[in-house]
Each structure stands twice: as structure tokens, then as C-alpha cells.
Amino acid sequence: MAGAPARKLRRYQEMRDFGRTAEPAGGAAAGPDRHRFVVQRHRARRLHYDFRLELGGVLVSWAVPKGPTLDPKARRLAVHVEDHPIEYAGFEGVIPRGEYGGGDVIVWDRGVWRPVEADPARAIEAGTLHFDLDGEKLAGRFVLVRTSRGEKDQWFLLHKQDEHARAGWDAEDHPRSVKSGRTNDEVAAAPDALWHGDRPAAEAEEAVGGWQAPTEDELAALDALGAKGRWSVGGRELALTNLDKVLFPADGEPVTKRDLIRYYVTAGPAMLPYLAGRPLTTHRFPQGVTEPGFWQKEVPRHAPDWLTTWRNERARPGESRRYVVADSVATLAWLANYGALELHAWTSRAADVDHPTWVLFDIDPGPETTFEQVLELARLHRTALEHFGLTGRPKVTGQRGIQVWVPIAPHCTFEQTRAWAETVSRTIGRVLPDLVSWAWTKDKRRGRARLDYTQNVLNKTLVAPYSVRPRPGAPVSVPLEWDELDDPGLTPDRWTVRDVPDRLAGRGDPFAVLLGLEQKLPGL
């Protein structure tokens, strides 16, 4: 095993097209006395942990579906897979769909390993390898035991009973990268990890270093355009039209299409983490908010070729089949030019639409509900989340209500998350029963608020963080810190496209702490 790393990499290299994939092809091996190990949390077709030991110039690798553990009573299935190149040990990014292993990868743990057997290659061939790990998460004596042979041998990975053993220890409770501190969500959403295989190699990696706001020169070029023209932003050229059309009337200066485009590209770096990788539903108002708008999901035929889209293979006749996936400031500019004022992203990712990553609570006020009563109900949501040990944040809707967003691990079905949200909502409702109605239609609620948990369903959505709302003045749905609920100046439509960029520059994004936080719902 240890003597021919070039031959051992041949199968790996045949399975990947390195002209498309942001992975090293392999070649140089580490020094003979170095024994590194790495565990990469890898969301491909299914989530698994790639457990890799440096040996003989390659990374000998096993796929561990439930991840390694420090629990000596747990046995983890480990499937022996092809060896990987040494250079792969530090890889953290996204492998494009269509490539072998397409998905997002983080360096979940790393360190050094020491074999107990004198000849670890022979021990692996014999089917039992004892070794010690000294990593940032994993430590102590482990053993790999082969249980069956086949095209991909089946093994068990176990931790021995020693001073590092921890009963009940679960890898999923420790989701962040030891390399960057990020989670898979953050890596999947970050442009420096995106690699577009349908572009020339020189252009395949997009927005290195994170989503970039437009430059001063790009904004100046937007301002200098007439009523229409071609504009370049984020490396893309767009044909913009009707830039001086008033979309939002206001008591002061009205908001034009040019203003809307400027807002979305400026707020884009804060907004895109909640949109990237998710199908998008848009609320379009091509003639402005004084005329009726309409919902649109299907990507139009005239959409540019560079637009990232997702195809819903389950769509029935008459249903939308191809959705926009907003993953760049240029996409946001294109949507704004297209009259998409309001943006709603799915709560599940395109890569795994059946398992949401958000639980949403929508406090929908009735005609008789005051905003102070909405705030009372929001504070009760905070109390409930604290009771469960969960982290969430509120945001004003830009209209009359408040929503509470709670990030979760994508392990539960929509049926489970909706049932959990309903239980929490009804418990909160019993605390202030005079403020809440469970009637479905507003005319039967007697003016009361509804605690709406019903948006926790596949293909149902709430307005995205930092999305504009279709009302005069162009209000924005803005995330909050919990203590901002006590601000006497708070209103649900306090911020507009004119002042959100300054708020972001001064306070940052209150939802940023939620990104990549994979929480388990109690009882599920």
C-alpha cells in the first residue's frame, strides 16, 4: 500500500476532471516521518465525514456517515474509499455538481496520527489498525476493523476506553471548520469556495475573498447611465432598462429602478448568504408598487446564460420547473432590473430540498393588534428559544409584523419542523390568549394576531433578510438583535433602501451569528 502512491492515485484522478474542479491533482508527497490526519465534513449526495490518514505518500481514506466519535460504546460505519492526494488534506471549498463528490467540504479536524502496529500498511491490509490521534477535536486511541470485503470494504471505526473517551460525544455537535472557523453552510455560500465548471478555467473561481460590494467606479458608472445602457458589475455585463422609472412613490424623493439596483448590489454581501444555494421566488412589480404585482418562480427564457439556476425535477405539469439561485451581486442587479422587488428564498437548499435549514415563526398582526403587542409576542419567542437552548433572531418584516428565524441542522423533514413550530407557537399563544387567534382567515380572527407556523413547508417562504417590501418608501425587512425590540423608536417599517446600507456599515448583520449554526430541535 505504501510503495506506489502514483498508482494509487490513478483511480482518484480518473474520477475527477481537474480542469473543472477546485481540487489538487496530487503529486508531491509529505516527508516519510510525517503522519498527518484530516477529517473533512463533506455534504455531497449525502452528508458524511471523510476520515483520512497520511500513509505512503497518499491519504488513505474512509467515508464515515455519522462521523467519528469519542464515545467508546459507539461503533461508526466506515467505508474504505479511494486514496486521495496529499494536497487534498487542506482542501476546503466546493466541488461542482456533476463532478465526483460534488458538494461542499470543510476541514472538520486535523492533526497527527501514530500507528500502534510497526507496519500500518500491512495492518490495514490485514484488516485491523490501531492508532492514536492528536487533533483539535479528536484525541486518544482508535481502531479501524474491517467487517466485510467488496468493491468498497466495510469497516468499523471505534474509540477505545481511555482518558480522552467521552460518552455520548457526537461529531454533529461540533460543526465548525478547524481551518477557517466556518461551517459547511458558510463555505457553500462564500464566493471564494464557489467553482463554476461551465466557465473557462481562468474565470471559474468567483468573488475570491467573499462577496464584494460594487466598487465606487461601478456605482459611478451606474449613475452615469441614461435611461438605459450596459453596465458591468462583479465581472458581469448587464443590459439595464427604464432606470429612471419610479417604482416606489414617497413623500420625499421617490425610489427609481436605478435606486433599487444600487440598493441590492450594495446590500448584496450581507443578503446573499441567505439566498445562495436556494431556489428563489420573486414578487415582481414591473410598473412599480402603485400597480398590481405578481409572483414568479420560473426563470424567463431571456435570462442570461451565466445565471445560476436550479431545475425542479419533481415539478408536475403546469408547475415551475427552473428557479433562479441568487449567488452574486450581478444576479441581484439582474433581478432588480427585471422588476423583482421582493425576494423569497426556500428554507431548504437546492442540494437537499426535503430538509430545511431554518425554522420560521411569523407573527402576523391582525387589524386590532398594536405593534407593542407584536413586540410582546416576539419577546415570548425569545424566552421559548432560551428555554430550549436554541439561538434565533428576530427581524422586522418591513410591513407590520415580526418574524423569528431559527437555524437548524438539515436532518428533519418539513413535517417534523412544522409540527415542532406549531407546538412552540401554540404554547406561546396560551400565555397571551387574548392577543392570538388560530383562525385561518383574517376575517375570522376578530382582529387578533396569528402565530403562523405554516410557512415551514416545502416551497413556502417568508421574505428574505434585507429584501425590499412593495410599499411606498421602499421599506426593508431588517434583521435585529433581541435588545432592539426594546428600542422605543422601533417600527416594523423603520428602515428603507435609503438607510439600510448605513445600518449595515455601522452595526453589521445581526443574523450573521446564525449562519451555519446547525442546531438540533429538542425532541426531534
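Position numbers for residues start from 1 in each chain and track the written sequence from start to end. Selection of residues for local features in this predicted model requires a pLDDT of at least 70, selection of side-chain atom pairs for listing and counting requires 80 or more, and totals for whole chains, interfaces and linings are taken over all residues. Excluding hydrogens and water, the side-chain values take into account all heavy atoms of the structure.

### A few points about the overall build of the protein chain
So, point 1. Runs of E in the DSSP output that reach at least two residues are strands. Runs of H or I that reach at least four are helices, and both are numbered from the N terminus. Counting its regular elements, the protein chain contains nine helices and 24 strands.
So, point 2. Counting across all 524 residues of the protein chain, residues that qualify as buried make up 56%.
So, point 3. Any two residues whose heavy atoms approach within 4.5 Å at even a single point are treated as in contact. Here the contacts in the protein chain between residues at least 6 apart in sequence split such that 65% fall between residues at least 24 apart. Accessible area is worked out with a 1.4 Å probe on protein chains only. A residue is then buried under 20% of its type maximum, exposed over 50%, and partly exposed in between.

### Things to note about helix H9 (residues 500-507)
So, point 1. Residues of H9 that are buried include every one of Val500, Arg503 and Leu504, and no others. Along the axis of H9, the buried residues cluster in a sector spanning 100°; they form a single face. What points out from H9, more than 90 degrees from its buried face, is the exposed set Asp502, Ala505 and Gly506.
So, point 2. On the buried face of H9, the contacting elements are helix H5 (257-271).
So, point 3. Directly beyond the C-terminal end of H9, a positive phi value near 80° is found at Gly508. Directions drawn from the helix axis to the C-beta atoms are what define this arc.

### Digging into the pattern of salt bridges
So, point 1. The term salt bridge refers to a side-chain nitrogen of Lys or Arg lying within 4 Å of a carboxyl oxygen of Asp or Glu. Under the defined criterion, the tally for this structure stands at 29 salt bridges.
So, point 2. Across the pair Arg149 and Asp153 runs a salt bridge whose closest N-O atoms are separated by 3.6 Å.
So, point 3. Relative accessible area serves as the criterion here: at 54%, Arg149 is assigned to the exposed category.
So, point 4. Here Asp153 falls in the buried class, since its relative accessible area comes to 11%.
So, point 5. Salt-bridge contacts for Arg503 lead to Glu484; the nearest nitrogen and oxygen are separated by 3.0 Å. On the criterion of sequence distance, the pair formed by Arg503 in helix H9 and Glu484 in the loop between strand S24 (450-452) and H9 is long-range, its members being 19 residues apart. Each member of the pair, Arg503 as well as Glu484, is classed as buried.
So, point 6. Ionic contacts of the salt-bridge type, sharing partners, join the residues Arg41, Arg43, Asp104, Glu172 and Glu518 into one network.

### A short note on the environment of His164
So, point 1. Mapped onto the elements, His164 comes out in the loop between strand S9 (154-159) and helix H3 (184-189).
So, point 2. Setting aside residues up to four positions removed in sequence, His164 forms contacts with Leu70, Ala139, Gly140 and His159.

### What to know about the pairing of S9
So, point 1. Any two strands with at least two DSSP bridges between them are considered paired. Direction of pairing for strand S4 (residues 75-85) relative to S9: antiparallel, over a ladder of five bridges. Bridge pairing in S9 links Ala78 to Trp155.
So, point 2. Of the strand pairs in this sheet, strand S8 (residues 139-148) and S9 are connected by six bridges, and their pairing is antiparallel. Among the inter-strand pairings, Phe142 is bridged to a residue of S9, identified as His159.
So, point 3. From the end of S8 to the start of S9, which pair antiparallel, there are five residues.

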